[in-house]
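Each chain, written out:
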Amino acid sequence: MSYFLIVIYIAAFCWLMPRIGFVKKSGINSRVIVVLFLFKVLAGFVLGWVSLHFSDSDYWLLNNDGWVEYQLLFRDPAAYFTNLFNSADYPKGYGGMLDSVQSFWNDLKYNIVVKLLSVFNIFSRGNYYINSIFFNVLGFFGHVALYRVFIQVYRGRYNAVIIGCFLLPSLLYFSSAVHKDCIVFAAIGVLCLALYQSFSQNKLTLKRAVWLLISLTVLLLLRNVVFMAVLPAIAAYWLAHVTRWKPLPVFAGVYIIGAVLFFNAWRISPSLDFTAILAQKQWYFLQAMDANTAIEINTLQPSFGSFMHNAPQAFNHTIMRPYLTEHPNFFLVPIAVELFAYQLLLVLFLFFRVKQADRQGRLFVLFGIFLTLTVFLNIGYIVTNLGSIVRYRSIYLPLLITPLLAGMDWEKLKQFVKLKK
């Protein structure tokens, strides 16, 4: 019966997806849409099977908790509709929004996904792979949203934008799980589309404002660190747009001011000691460290000096690792190859890039770069194993890699290769 339902749901969504207005506006051929969606669904199935047989990830545990919550709906409906808001078991009640342990808000990230799964279970009867299809329907909108932005930034670069927004291996794999990463990725994509359309058209419509609000709320509830990282990126994007000043100095200036606020917010309130909060998060990761992919990491102290000292290591962990020469886990080998390909692509881009004339496009690319590097820095500071690093960073890769793919002068590169031969 489960196999039959899987086929039915896949067929239904393959028929529906090209007919959804949001997807149709991308301009992608209907057949290509279906193929791309099937790739995502297949990636979700592969990840589910691999995680069940070869890893101890929490994808299946999350799915099981969703089934327990589904059963609660019929056993105790009152508890089902209220437990998401219950803070009685937490020492700080609804406080401690940025805490990593014993926090209503920290557990809310998990509980929201469990609640969503309980709704999906009405149609899936708890089957992981069917739930994976539902999650990937949501995640697919993130891919489409980013495509709709980048195809306007890089007009005519259809294949490069398709690859960058849909087919980056680690993005496709890790954004296809039954997990909050899939939802966060969709929120980032929709946020980017609403921002770009608002600025490029000088018009914030009610619809775009609603999508911005929804996206920011999702990030706040599921990844509050990313929510905080996106605020200075939006502020810099807006300021560069309205002032018409040179974009790079504007972004740099906003982030310098943001750094000053970050290190001095504790003077306003002790609960805003962000350095202590990140140090606590690193400690939490150290306690739950995965021995198979554990890496050495400097202990983070709640001080300006410690954060500056650890910054190079943080960027090394998120941008350079896993190295081709390290194989703590067989499954990290293809990730290392993929990452090396991106590093090579960056080197080639420096010599064979096409000048980007459109100001709005440059502003959006800078927005994506600064947002991604901020998130990467945060990941590098606190995450203590490579397995988690490659998963967390995967959903931000389109913001870095798509501009390299679409901004490359491939014809010039081909001519150079021919001359060398």
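A quick note: this is a predicted structure, and the numbers were derived from the prediction, not measured.

A.B. asks: Would you mind going over the pattern of salt bridges with me for this structure?
C.D. replies: Under the definition given, this model contains five salt bridges. The shortest N-O distance in the salt bridge between Glu411 and Lys414 comes to 3.8 Å. On the criterion of helical spacing, the pair formed by Glu411 and Lys414 is a turn pair, its members being three residues apart in helix 20 (residues 410-420). A relative accessible area of 49% places Glu411 in the partly exposed class. The class of Lys414 is partly exposed, set by a relative accessible area of 47%. Each of the salt bridges in this network shares a partner with another, and the network as a whole consists of Asp181, Arg223 and Arg391.

A.B. asks: What am I meant to see in the packing of aromatic side chains here?
C.D. replies: Tallied over the entire structure, the rule returns 34 aromatic pairs. Between Trp67 and Tyr70, the aromatic rings sit 4.8 Å apart at their centres with planes inclined by 25°, giving stacked as the arrangement. Placement of the pair is Trp67 and Tyr70 together in helix 4 (residues 59-75), with a separation of three residues, close to one helical turn. Classification of Trp67 as partly exposed rests on a relative accessible area of 26%. Since its relative accessible area comes to 8%, Tyr70 is described here as buried. For the pair Phe262 and Phe263, a centre-to-centre distance of 5.0 Å together with 85° between the ring planes defines the contact as edge-to-face. Of the residues examined, Phe263 reaches a relative accessible area of 16% and is grouped as buried. Through successive ring pairs, a cluster of aromatic residues spans Phe150, Tyr154, Tyr196, Phe199, Tyr237, Phe364 and Phe367.

A.B. asks: Any chance you could explain the packing of helix 7 (residues 128-153) against helix 8 (residues 158-167) here in plain terms?
C.D. replies: Helices that pack against each other are described as a pair by the angle of their axes relative to one another and the distance between those axes. Across the interface, helix 7 lies against helix 8 with an axial gap of 9 Å and an inter-helix angle of 145°. Between helix 7 and helix 8 lies a crossing of right-handed hand. Across the interface between the two elements, Phe140, His143, Val144, Leu146, Tyr147, Phe150 and Ile151 from helix 7 touch Tyr158, Val161, Ile162, Cys165 and Phe166 from helix 8. Here the contact of helix 7 with helix 8 is composed, by residue class, of eleven nonpolar, one polar and no charged.

A.B. asks: What's the story with helix 17 (residues 359-382) in this structure? I'm lost.
C.D. replies: Because an α-helix packs 3.6 residues into every turn, residues spaced three or four apart end up facing the same way. Taking 1.5 Å of rise per residue, 24 residues should cover 34 Å, and helix 17 covers 35 Å from first to last C-alpha, within 8% of that figure. Among the 24 residues of helix 17, 19 are classified as buried, and the element is accordingly described as predominantly covered.

A.B. asks: Is there a simple way to think about the side chain of Ser198 in this case?
C.D. replies: You can see Ser198 is positioned in helix 10 (residues 180-200). Taking the relative accessible area as the measure of exposure, Ser198 reaches 9% and is therefore buried. At 2.7 Å, the side chain of Ser198 and the backbone oxygen of Ala194 are in polar contact.

A.B. asks: Sorry, what's going on with the environment of Leu167 here?
C.D. replies: Relative to the helices and strands, Leu167 is located in helix 8. Of the residues examined, Leu167 reaches a relative accessible area of 30% and is grouped as partly exposed. Not counting chain neighbours up to four residues away, the residues in contact with Leu167 comprise Leu36, Phe39 and Ile162.

A.B. asks: Sorry if this is basic, but what is going on with the environment of Phe123 here?
C.D. replies: Residue position: Phe123 is located in helix 6 (residues 104-124). Taking the C-alpha atoms as reference points, Phe123 and Leu5, separated by 118 residues in sequence, lie 9.2 Å from one another. What Phe123 contacts, discounting residues up to four positions off in sequence, is Tyr9 and Phe134.

A.B. asks: What is the right way to read the environment of Tyr9 from this model?
C.D. replies: Looking at the secondary structure, you find Tyr9 in helix 1 (residues 2-16). With a relative accessible area of 17%, Tyr9 lands in the buried category. C-alpha separation for the pair Tyr9 and Phe123, spaced 114 residues apart in sequence, amounts to 9.8 Å. Leave out the neighbours within four places in its chain, and Tyr9 touches Phe123, Ile130, Ile133 and Phe134. Only 2.8 Å separates the side chain of Tyr9 from the backbone oxygen of Phe123, close enough to count as a polar contact.

A.B. asks: So what exactly am I meant to see when it comes to the nonpolar core here?
C.D. replies: Where a protein is soluble and globular, its nonpolar side chains tend to be buried together. Core analysis: the biggest nonpolar cluster contains 121 residues, and Phe166, Tyr237, Phe251, Phe364 and Phe367 have the highest contact counts within it. No other element matches the 17 residues that helix 7 contributes to this core. If near-sequence neighbours (up to four positions away) are discounted, Tyr237 is found in contact with Leu195, Tyr196, Phe199, Phe251, Gln360, Leu363, Phe364 and Phe367.

A.B. asks: Help me understand unusual backbone geometry in this model?
C.D. replies: What you tend to see is this: most non-glycine residues have negative phi, and most peptide bonds are trans. Here the bond from Arg321 into Pro322 is cis, since omega is 10°, no more than 30 degrees from zero. Backbone geometry places Arg125, a non-glycine residue, at a positive phi of 55°. Mapped onto the secondary structure, Arg125 falls in the loop between helix 6 and helix 7. Given a relative accessible area of 52%, Arg125 falls into the exposed group. Phi is positive for Arg244, which is not a glycine, with a value near 65°. Mapping Arg244 onto the fold places it in the loop between helix 12 (224-243) and helix 13 (247-264). Overall, the relative accessible area of 55% leaves Arg244 in the exposed class.

The rules behind the values
- Residues numbered from 1 in each chain as written.
- Predicted model: local features only at pLDDT ≥ 70, side-chain atom pairs only at ≥ 80, totals over all residues.
- Heavy atoms only, no water.
- Salt bridge = Lys/Arg side-chain N within 4 Å of Asp/Glu carboxyl O.
- Helix = DSSP H or I, 4+ residues; strand = E, 2+ residues; numbered from the N terminus.
- Buried < 20%, exposed > 50% of the residue type's maximum accessible area, 1.4 Å probe, protein only.
- Phe/Tyr/Trp six-rings, centres within 6.5 Å; stacked < 30°, edge-to-face > 60°.
- Axes fitted to C-alpha atoms, helices over the stretch in contact; angles between N-to-C directions.
- Left-handed = near helix turned anticlockwise from the far one by under 90°.
- Contact = heavy atoms within 4.5 Å.
- Nonpolar A, V, L, I, M, F, W, Y, C, P; charged D, E, K, R; others polar.
- Expected span 1.5 Å × (residues − 1).
- Polar contact = N/O pair within 3.5 Å; in protein donor to acceptor, adjacent residues only side chain to side chain.
- Core = buried A, V, L, I, M, F, W, Y, C linked by side-chain atoms within 4.5 Å.

Distances and angles like these do not, on their own, reveal function.
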